[in-house]
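# Topology and contacts: notes
What follows is the residue order along each chain.
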Amino acid sequence: MWWMLLGLLAYGLAVSPVAGVKQRANYQRLKDDFTIVGLFHPEQKQQEFAFSSAIEAVNMDSQVIPYTNLVPRIEYFSHFDSFNTSKRVCTLLEEGVGAIFGPQSVGTTGIVQSICDNMEIPHIDLRWDISAKPSGCVINLYPDSKLLATALINVIRDMDWKSYTVLYEDYDSLIRLQEVFKDHEGLSHSEGFPPFTVRQLPSEDDDYRPLLKELKTAGESHIVLDCPTDKIMTILTQANEVKLMGEYLSIILTSLDAHTIDYGVFRYDRTNITALRLIDPNSATVMATLHDWEYEAHRKHQTFNLTATDLQIESLLMFDAVRLFALALDKHGGRLQPERLDCHSGRKWEHGFGIINFMKNMEYEGVSGPMRFNEESGHRDFFSLEIIELANEGFKKIGTWDPEHGINYTRTVGQMYSDIVQSITTKKFIVTSRIGRPYLEYTENHQEKEGNARYEGYSMDLIDSIAKELGFKYEFQLVEDKQYGTLDKKTKQWNGLIRELREKKADLAICDLTITYDRRSAVDFTMPFMTLGISILYKKPEKPDVKLFSFLSPLAFNVWVTMATAYLGISLLLYILSRCSPYQWENPHPCNSDPEELELTFNLSTCLWFSIGSLTTQGCDLLPKAVSTRIVAGMWWFFTLIMISSYTANLAAFITQQKMDNTIDSAEDLVNQNKVKYGVMADGSSYNFFRESNDSLYQKIWSNMQSATPSVFTDNNDEGVDRVRKAKNRGYAFFMESTTIEFQVEQYCELTQIGGTLDSKGYGIAMPSDSPYRTAISGAVLKLQESGKLRDLKTKWWSSWKPNNTYYCNKFLSSSASSNGEFDMDNVGGVFIVLLGGCSLSFLVAIFEFLWNVRKVAVTEKISPMEAFMLELKFAVRCHGTTKPVRLLPSESSPKDSLHGSFLQLDMFPNNKEPSHARTPAHLAGWTPDLDLPGK
């Protein structure tokens, strides 16, 4: 039984295909045949196959046209033979056709369209057409040319291209791109640079290298390529030969079939190739259509080797066109039959216009996406494009575009950043720079080293930190001309670091490179890793030679000598006049009205003390009483008043003059004087700042620098620093970036920064325009800034080169205090020396007086000088007691004292024999006898 069932099953499987074919044939015999014509060129095999397959699929679908069987008729035409084409079309109309599809060439489509309009035969066009002329019986499934141009404009704007070059092949390309050329609004560009350049591809041969070399020399990094699909690989290959390709080149391909070719090595070349396509080869609709075509080819015993990426836009449009026509034919209703028409009779097909109108009013979702048509022109005014980008695995979708919503990216910012970081890890960056401390400097014995080991500095450490953060390798190279980068306004050529980047010789440029408008228009910059501004580098005032007696400077030496002479002369004159005048002699005992002698109060010592007290404005206890001496004293007071006032005024003026000597605190001070010259590095960012500034102060600075003789401009910053250091009498100031000034001040202690900053700008890492690595490197710089690494690097390298001559530096550093008008010990030390000298002199005089008194005591008490010295010294150092008995010599004693002394001698020491210990004076021995005189 099981063997019988298996046999019946095998027989049914063998017979069913034959039965299905017969059933389909019997079903189609019940339909009315409707002939449609496809006009093709001999090379359009894929479009021809799509036409046949579409008709077969429609005929098999009873829900599309249940009563009509489409009969395909395929005709071949040449591209430019319009005369024979018109004859062939008229012949086809005489045989009876219901619609004409094609052809694709511009030379023959026009005549076919004209005949169809006259005969009201539906004409389905599938090619690019710029004509906006209303046509009654024509519908075009190809996207409208103006809308395609709008999509291209949106992509260019979204990529933020500032300038680009359009490479086109023929006149049709110019017509296709005319809307792009009209759209200049919003494209910012430097003066003298057009927003786009139009270059035609050579038509004589396929050698595009000379043109591509010109683009490389010009530093062009944005190209819109409009050419046939079969020439794309040839152009890209030759561009690679002239080294135009690379990660800094961005190309937009206008061909909607750009995704159908194999890009080979360019998938790994890092070149940014972007294209637009109407269909997604991986969509379910396209895969189903491809499967149906494969089945149809096998049914007809034809070879089928197409893949989804091989499907051309015209083929899928042909497939959609046949199905759209079938739907419109069904909506028109009834069993229609094509009529035989004569091109010369003027007779028209009555149903053709209606079928076309049905097609124009339909909204259809086909293999080529959604479609909607303009009712007047028949152009397709709604479609959806995919924005694709070439990757290692081929083209991948990054966004979509349609006329209503514009661009909608399907790739997130995080995915873009992840792709960039992943590509960075496999790249070795060429970093260009220039020697200049502290940013980059040769290491010790650098001749014996290789690669990055030859250099050190802030720039090296910064790139190393970024490389560790992102995981890439790098190699430092020095720029040949040692320039930062300046644009020659005449030749439009850059030099220095900027030129290295524009010529793609380097990937990054780092040093003290200022971000300016001109440089930003030529290359890209990361976020600033250091902010700064223009300031003034100047030399500190050197402290004058140390003068301990600088307080004597306000008056000349001869004045001081004259004053000393006047002091002595006035003192002697007062003494002489006092002796001569009777009014200066006084009674020494006021209680005695009849004195035996008078006393001169103004002796020589008193006159000297009075004169010096008046000179120092301290006064004196004794004043002159005689008219003559008072006249002298008044004149002396007037003299001292004038001299003390003059001294004080001259001292203040002397201090002020020292403080204001060559004092410059701002740019305004520089402009308002003519002793100090000032300059800037030629062709640098600071140079351009003054040259292009509209501020009146900076314009005046620029005018003064230009007219200065000899020239105040320098070739580099180091030369400017040397001029500041070596200028005589601090006669040169230099404008430079504040951060570099900070380093120079750390290195050379005689230098200082004057005033604040004149502007605000920053140093950034430069890279070629539209570099794909800008976002990642800027992110790494931001991380280093937030973590404090940038501050640490600056601290490390700004303080790494400090001078060892401490004495040399100290004299400048100490002068900074003097610049504030303050006197230090060097200025007033002489006053302290005078005070110390006076104190020392008084000490010596006190010793002399002490010893003289010891001698008197020794004589009076008849003891040895040593005993008297020790007794007097013990009393002096006892430091208490404010009274001391008077010990007078016998010749100086009063009668009472003589009596008292005699009493002491007779009573206490009979026979005038005193014990040795009794010779100690009572006031020194610590006791005083309390005696009563006899007979009292």
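Up top you'll find the structure we're talking about.
If you're wondering where the values come from, they're calculated on a predicted model, not measured in any experiment.

### Focus on the side chain of Ser315
Counting through the fold element by element, Ser315 comes out in helix H11 (residues 313-332). Beyond its immediate chain neighbours, meaning those up to four positions away, Ser315 contacts Gln46, Gln47, Ala50 and Trp293.

### Comments concerning the sheet that holds strand E15 (residues 394-402)
The strand order E7-E6-E8-E9-E10-E14-E15-E16 describes an open sheet built from 8 strands, whose pairing is mixed. The sheet terminates laterally at strand E7 (196-200) and strand E16 (406-409), the two strands that pair on one side only. Averaged over all adjacent pairs, the angle separating strand axes in this sheet is 25 degrees, with direction ignored. When strand E9 (residues 250-253) meets strand E10 (residues 272-277), the two strands line up parallel, connected through 4 bridges. For Ser250, the partnering residue across the bridge sits in E10 and is Asn272. Contacting strand E6 (164-168), E7 and strand E8 (222-226), helix H8 (residues 209-217) runs over the sheet at an angle of about 175 degrees to E6.

### Some words on the packing of aromatic side chains
Taken as a whole, this structure holds 40 aromatic pairs when the rule is applied. Both rings, one in Tyr442 and one in Tyr455, keep their centres 5.7 Å apart while their planes meet at 35 degrees; by these two values the pair is tilted. Of this pair, Tyr442 sits in strand E18 (residues 441-442) while Tyr455 is found in strand E19 (residues 455-456), placing the two residues 13 residues apart along the sequence. When the ring centre of Tyr732 is taken as origin, the NZ or CZ atom of Arg723, which lies over that ring, is 4.4 Å away. Cation over ring: Arg855 sits above Trp852, and NZ or CZ is 5.2 Å from the ring centre.

### Focus: the environment of Ser377
In this structure, Ser377 sits in the loop between strand E12 (369-373) and strand E13 (379-382). Judged by its relative accessible area of 12%, Ser377 is buried. Each C-alpha atom, one on Ser377 and one on Gly136, is 7.6 Å from the other, the two residues being 241 residues apart in sequence. From its side chain, Ser377 meets the backbone nitrogen of His379 in a polar contact 3.3 Å long.

### A closer look at the side chain of Gln47
By the element assignment, Gln47 lies in helix H2 (residues 45-60). Judged by relative accessible area, which is 5%, Gln47 ranks as buried. A distance of 3.0 Å separates the side chain of Gln47 from the side chain of Gln312, its partner in a polar contact. Those residues within four positions of Gln47 in sequence are excluded, and the remaining contacts are Phe40, Gln312, Glu314, Ser315 and Met318.

Reading the values: the criteria
Residues numbered from 1 in each chain as written. Predicted model: local features only at pLDDT ≥ 70, side-chain atom pairs only at ≥ 80, totals over all residues. Heavy atoms only, no water. Helix = DSSP H or I, 4+ residues; strand = E, 2+ residues; numbered from the N terminus. Contact = heavy atoms within 4.5 Å. Pairing = 2+ DSSP bridges. Axes fitted to C-alpha atoms, helices over the stretch in contact; angles between N-to-C directions. Phe/Tyr/Trp six-rings, centres within 6.5 Å; stacked < 30°, edge-to-face > 60°. Lys NZ or Arg CZ within 6 Å of the ring centre and 35° of its normal. Buried < 20%, exposed > 50% of the residue type's maximum accessible area, 1.4 Å probe, protein only. Polar contact = N/O pair within 3.5 Å; in protein donor to acceptor, adjacent residues only side chain to side chain.

Bear in mind that shape data such as this cannot, by itself, settle questions of function.
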